[in-house]
Amino acid sequence: MPALRPLTLGPYQVWPPVVLAPMAGITNVGFRRLCREQGGGIYVCEMITTRALVERNPKTLRMITFGDDEKPRSLQLYGTDPEITAAAVRIVVERNLADHIDLNFGCPVPKVTRRGGGAALPWRRRLFARLVRAAVDAASPAGVPVTVKMRKGIDDDHLTYVEAGLAAQEAGVAAVALHGRTAAQRYSGTADWDAIATLKQALDVPVLGNGDIWEADDALRMVAHTGVDGVVVGRGCLGRPWLFADLEAAFNGRPERRLPSLGEVAVTMRRHAELLVDQFVAGARNPARGERDGCTDFRKHVAWYLKGFPVGGELRRSLAMIESLAQLDDLLGKLDPSEPFPVTALGQPRGRTNSPGKVSLPDGWLASRDDDTVPEGAEMDDSGG
């Protein structure tokens, strides 16, 4: 395995070289703090759309929230128009909203790709290069590093990752992250780590690998297989924020891995819900409404935390319907704290799993690679995915 070094992103040295991928509805300030309490790295907030930021959308502005001790503050932007993207980056810089900007070219969701955005956009290579250059030029005077996250391409017949990586490097990005799947694969099948290795060999800037990191040892295997400078973790940490403790141990050469009992998981669940309530109460006029909203936001995490544990369906359903921390405390008290961690759940996919499918694209999208016209209607006014 290559010698492990801190990940360099502009002025920042990141150790361990681990990045939490932005996930819509997940990587808010509460969840990021929970993960940061486990181990080091960079923790990226939910995706922010450039148009919503430029238009000062209230929901979007509320989403750009970081903890006082969060450093560097990492923000992902989604955009398709170079001018709007540059304007959004200037707002980030002028208002000191973040210390690092990542550009989203990896989203495979049909509502995005059918407009030419996300994972579809690198196919239009001139537009891609213009957009990345516009972001870097707007951020560089303030010393804010810009990175890009992308997929292999639209499908196996329309791969773009090496060409796009070289274009991003030429534009001045600090690093490139590659999810080893095409847009057509969505979240199915197996991530192509060989493609990540190919990109690493092609670029001089740091390359980050993303895909199928379910355990800390998967991250070490990816580094050994591909030579990447760091890893991006998404679905693997759902219901398992302690994965970041395991990753820190692994990158520091320590063998310990956490296998928390159900009682220990319950403590983490309570901490997670408490952080979400604190977040929502801080943004609410009515504290009671804030607590209810925080508990509602927590509900989606219940199934991930309890994955593999022998917990009855009625108790699971009740936990997924809580409206207060008192309710949560009562229900968590009904779990068997001595129940050991289900080792059968280790190394298994978590979160979204779906089947591959044809990618929705604008009419004529594949006909010309050099058309740099901004896709009509691709700018989105709603942040978060």
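Conventions we followed
Residues numbered from 1 in each chain as written. Predicted model: local features only at pLDDT ≥ 70, side-chain atom pairs only at ≥ 80, totals over all residues. Heavy atoms only, no water. Helix = DSSP H or I, 4+ residues; strand = E, 2+ residues; numbered from the N terminus. Rg over C-alpha atoms; globule rule 2.2 N^0.38 Å. Areas by Shrake-Rupley, 256 points an atom, 1.4 Å probe, with all protein chains shown as cover. Lys, Arg positive; Asp, Glu negative; His and termini not counted. Charge placed at Lys NZ, Arg CZ, Asp CG, Glu CD. Polar contact = N/O pair within 3.5 Å; in protein donor to acceptor, adjacent residues only side chain to side chain. Contact = heavy atoms within 4.5 Å. UniProt positions renumbered as here; feature names shortened; annotations may be inferred. Buried < 20%, exposed > 50% of the residue type's maximum accessible area, 1.4 Å probe, protein only. Pairing = 2+ DSSP bridges. Right-handed = clockwise from strand over helix to strand, strands pointing away. 1 Å grid on protein atoms, 1.4 Å probe; cavity = no way out; pocket = protein on both sides within 12 Å on 5 of 7 lines; lining within 4 Å. Points joined across faces, edges and corners; volume = space filled by probe spheres on them. Nonpolar A, V, L, I, M, F, W, Y, C, P; charged D, E, K, R; others polar. Core = buried A, V, L, I, M, F, W, Y, C linked by side-chain atoms within 4.5 Å. Phe/Tyr/Trp six-rings, centres within 6.5 Å; stacked < 30°, edge-to-face > 60°.

Before we move on, can you summarise the overall build of the protein with the specific residues and values?
Across its full length, the protein carries 15 helices and 11 strands. Computed over its C-alpha atoms, the radius of gyration of the protein comes to 20 Å, within 12% of the 21 Å expected for a compact globule of 385 residues. Projected onto the principal axes, the alpha-carbon positions of the protein cover approximately 60 × 50 × 40 Å. Summed over its atoms, the accessible surface of the protein is roughly 15,700 Å², and 49% of this surface lies on carbon and sulfur atoms. Counting 47 positive and 48 negative side-chain charges, the protein places the averaged centre of each group 2 Å from the other.

Account for the side chain of His-158, naming residues and giving values.
Checked against the element boundaries, His-158 lands in the loop between strand S8 (146-151) and helix H7 (161-171). A polar contact is formed between the side chain of His-158 and the side chain of Asp-155, at a distance of 2.8 Å. If near-sequence neighbours (up to four positions away) are discounted, His-158 is found in contact with Trp-123, Gly-153 and Leu-366.

Could you give me a rundown of the UniProt feature "domain: DUS-like FMN-binding" (unreviewed entry) in the protein, with the residues and numbers involved?
Per the UniProt entry, the sites bearing "domain: DUS-like FMN-binding" (unreviewed entry) are residues 20-327 in this numbering. For residues 20-327, the end-to-end C-alpha separation is 30 Å, with 45% helix and 11% strand making up the annotated structure.

Describe in detail the pairing of strand S10 (residues 207-210), supporting the description with residues and values.
What you see with S10 is no split at all: Val-207 and Gly-209 on one side and Leu-208 and Asn-210 on the other are buried throughout. Summarising the sheet, strand S9 (residues 175-179) and S10 pair through 4 bridges and their orientation is parallel. Its bridge partner being in S10, Val-176 is matched across the sheet by Val-207. Each parallel crossover has a hand, and for S9 linked through helix H8 (residues 193-202) to S10 it is right-handed. One ladder, built from 3 bridges, connects S10 with strand S11 (residues 230-233); its direction is parallel. Residue pairing in the sheet places Leu-208 in a bridge with Gly-230 of S11. Assessed by its sense of winding, the connection that carries the chain from S10 through helix H9 (residues 216-226) to S11 is right-handed.

Tell me what's going on with empty space enclosed by the protein, and back it up with residues and numbers.
Per the counting criterion, the structure on display carries 2 cavities of 30 Å³ or more. Each pocket or cavity is described by its volume, and for the largest cavity that value is around 120 Å³. The wall of the largest cavity is formed by 14 residues, among which Val-19, Asp-102, Thr-147, Ala-177 and Leu-208 lie closest to the centre. For the lining of the largest cavity, the secondary-structure elements that each account for two or more residues are strand S7 (100-105), S8 and S9. Looking at the lining of the largest cavity residue by residue, the class counts come to 10 nonpolar, 2 polar and 2 charged. Space inside the second largest cavity adds up to approximately 30 Å³. As for the second largest cavity, its lining consists of Pro-108, Pro-110, Thr-113, Ala-183, Arg-186, Lys-358, Val-359 and Ser-360. Partitioned by chemical class, the residues of the lining of the second largest cavity number 4 nonpolar, 2 polar and 2 charged.

Give me the environment of Leu-332: which residues, what numbers.
Topologically, Leu-332 is positioned in helix H15 (residues 325-332). Through-space distance from the C-alpha of Leu-332 to that of Arg-270 is 8.3 Å; in sequence the pair is 62 residues apart. If sequence neighbours within four positions are ignored, Leu-332 has contacts with Ala-266, Met-269, Arg-270 and Leu-319.

A description of the nonpolar core should follow, citing residues and the corresponding values.
Leu-103 and Val-132 are the most contacted members of the largest nonpolar core, which totals 71 residues. Counting residues per element, this core draws most heavily on helix H6 (residues 125-139), which supplies 9 residues. The contact partners of Leu-103, leaving out residues within four places of it in the chain, are Gln-76, Leu-77, Thr-85, Leu-131, Val-132, Ala-135, Val-146, Thr-147, Val-148 and Lys-149.

Pulling in residues and values, what's your account of the layout of surface pockets?
Where empty space is left can be seen by rolling a probe of water-molecule size over the atoms. In this structure, the largest pocket occupies an estimated 820 Å³ of space. In this structure, the largest pocket is lined by 31 residues; those nearest its centre are Val-29, Arg-62, Thr-65, Gln-279 and Phe-280. Among the secondary structure elements, those contributing two or more residues to the lining of the largest pocket are helix H1 (29-36), helix H3 (58-63), helix H11 (262-282) and helix H12 (287-298). Residue classes in the lining of the largest pocket are distributed as 8 nonpolar, 11 polar and 12 charged.

Break down the sheet that holds strand S3 (residues 18-20) for me, citing the residues and quoting the values.
A sheet is described by the order of its strands in space; here 9 strands give the open sequence S4-S3-S11-S10-S9-S8-S7-S6-S5, paired in parallel fashion. Single-partner strands in this sheet number two, and they are strand S4 (42-43) and strand S5 (48-49).

Requested: an account of the pairing of S7, with residues and values cited.
A large share of S7 lies buried, amounting to 6 of its 6 residues. Where strand S6 (residues 74-78) and S7 come together, 4 bridges link them in parallel fashion. Residue Ser-74 lies in a different strand from S7, and its bridge partner there is His-100. Taken together, S6, helix H4 (residues 82-94) and S7 constitute a β-α-β crossover, and its handedness is right-handed. Relative to S8, S7 runs parallel, the two sharing 5 bridges. Each bridged residue has a counterpart across the sheet, and for Ile-101 the counterpart in S8 is Val-146.

Now, about the packing of aromatic side chains: what can you tell me, with residues and values included?
The tally for this structure, following the rule as stated, stands at 6 aromatic pairs. Pairing Phe-309 with Phe-341 gives two aromatic rings, centres 5.7 Å apart and planes at 90°, and the pair type is edge-to-face. Linking Phe-309 in the loop between helix H13 (302-305) and helix H14 (313-319) with Phe-341 in the segment after H15, this pair joins segments that are 32 residues apart in sequence. Judged on exposure class, the residue Phe-309 and its partner Phe-341 are both buried.

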